[in-house]
Amino acid sequence: MPPGSTDNPVQIHNARPGLQFDWKEVQKLFLYLSKLPVHPQPTGELSIAFLPADEHTRLHVEHHNNPEPTDVITFQGDPAHNHAGEICVSPDFAQEYSTALGTPFNEELTLYLVHGWLHLCGFDDLTEIDLQAMRKAEMDAMAHLDAHDAIPGFRLLESGE
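In what follows, the accompanying structure is described.

The rules we used
Residues numbered from 1 in each chain as written. Predicted model: local features only at pLDDT ≥ 70, side-chain atom pairs only at ≥ 80, totals over all residues. Heavy atoms only, no water. Pairing = 2+ DSSP bridges. Helix = DSSP H or I, 4+ residues; strand = E, 2+ residues; numbered from the N terminus. Axes fitted to C-alpha atoms, helices over the stretch in contact; angles between N-to-C directions. Contact = heavy atoms within 4.5 Å. Parallel < 35°, antiparallel > 145°, perpendicular 65-115°, else oblique. Left-handed = near helix turned anticlockwise from the far one by under 90°. Nonpolar A, V, L, I, M, F, W, Y, C, P; charged D, E, K, R; others polar. Core = buried A, V, L, I, M, F, W, Y, C linked by side-chain atoms within 4.5 Å. Buried < 20%, exposed > 50% of the residue type's maximum accessible area, 1.4 Å probe, protein only. Disulfide = S-S within 2.5 Å. Arc of directions from axis to C-beta. Polar contact = N/O pair within 3.5 Å; in protein donor to acceptor, adjacent residues only side chain to side chain.

What follows concerns the sheet that holds strand β4 (residues 72-78). Spatial ordering of the open sheet is given by β1-β3-β5-β4, a layout of four strands whose pairing is mixed. The open sheet has two edge strands, β1 (10-14) and β4, and neither has a second partner. Ignoring which end each strand starts from, the neighbouring axes of this sheet average 15° apart. Sheet topology places strand β3 (residues 45-50) next to strand β5 (residues 83-89); six bridges connect them, and they run parallel. Bridging across to β5, L46 finds its partner in G85. Along the sheet, helix α4 (residues 105-120) makes contact with β3, β4 and β5, crossing β5 at roughly 145°.

Right, here's the structure in full:
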């Protein structure tokens, strides 16, 4: 069963204070991603972690020996143990980029989840050819989600709001 189904839910860890979203909308996002003609698709329980920028960067150093900030870190799962994988994203970076690019925050953060999911499907972005394929798949996925009203209404509140 695809991630987001009743049998294989999406487990969400929100460590970013101020990030607001509807859990059911995130489930819907992954159900609609599973309908795309992308193969192989991850199966089993999917873990999502929304992390503050500093914790996300620490994870990047710890697992990739890279001190540069990054917006998405993906860990492959183990289908034999019903685990699709884990996608770690930084809402802080999404906020920064959405402001710089003039795009809605919820779409930028959704793009990060799509990017991580595509990594779990076998896409990579290390070479220019791979990056072009990843960007096309991201655009197709975002258009599909938009057409099905499956982009979650993520909001990032500043402290005090």
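Helices that pack against each other are described as a pair by the angle of their axes relative to one another and the distance between those axes. Running from amino to carboxyl end, helix α1 (residues 23-33) crosses α4 at an angle of 45°, the nearest separation of the two axes being 11 Å. Classified by the interaxial angle, the pair formed by α1 and α4 is oblique. For the element pair α1 and α4, the recorded crossing hand is right-handed. Where α1 abuts α4, its residues L29, F30 and L33 lie against T110, L113, V114 and W117. When grouped by side-chain class, the residues that make up the contact of α1 with α4 number six nonpolar, one polar and no charged.

What follows deals with the nonpolar core. F30, L33, I87, L109, L113 and W117 are the most contacted members of the largest nonpolar core, which has 35 residues in total. Only α1, β3, β5, α3 (91-101), α4 and α5 (128-147) provide two or more residues apiece to this core. For this core, the element with the highest residue contribution is α4, accounting for eight residues. Those residues in contact with L113, other than ones at most four positions away along the chain, are L29, F30, I48, F50, I87, V89 and F154. Counting residues in hydrophobic clusters, the runner-up holds five residues, among them A49, L51, L59 and I73.

Another aspect to go through is the environment of P9. Position of P9 among the secondary structure elements: in the segment before β1. Taking relative accessible area as the criterion, P9 reaches 18% and is therefore assigned buried. When the C-alpha positions of P9 and G44 are compared, they lie 7.8 Å apart, and in sequence the two are 35 residues distant.

This part covers the state of the cysteines. Applying the stated criterion across every chain, the model contains zero disulfides. Left without a disulfide partner, C88 is nearest to the cysteine sulfur of C121, which lies 17 Å away. The exposure class of C88 is buried, given its relative accessible area of 2%.

Looking at α1, one finds that the buried residues are V26, Q27, L29, F30 and L33. For α1, the buried positions fall inside an angular range of 155° around the axis, keeping them on one side. On the buried face of α1, the contacting elements are β1, β3, β5, α4 and α5. In this structure D22 caps α1, since a side-chain oxygen of it lies 2.8 Å from the backbone nitrogen of K24.

These values are about where atoms sit, not about what they do.
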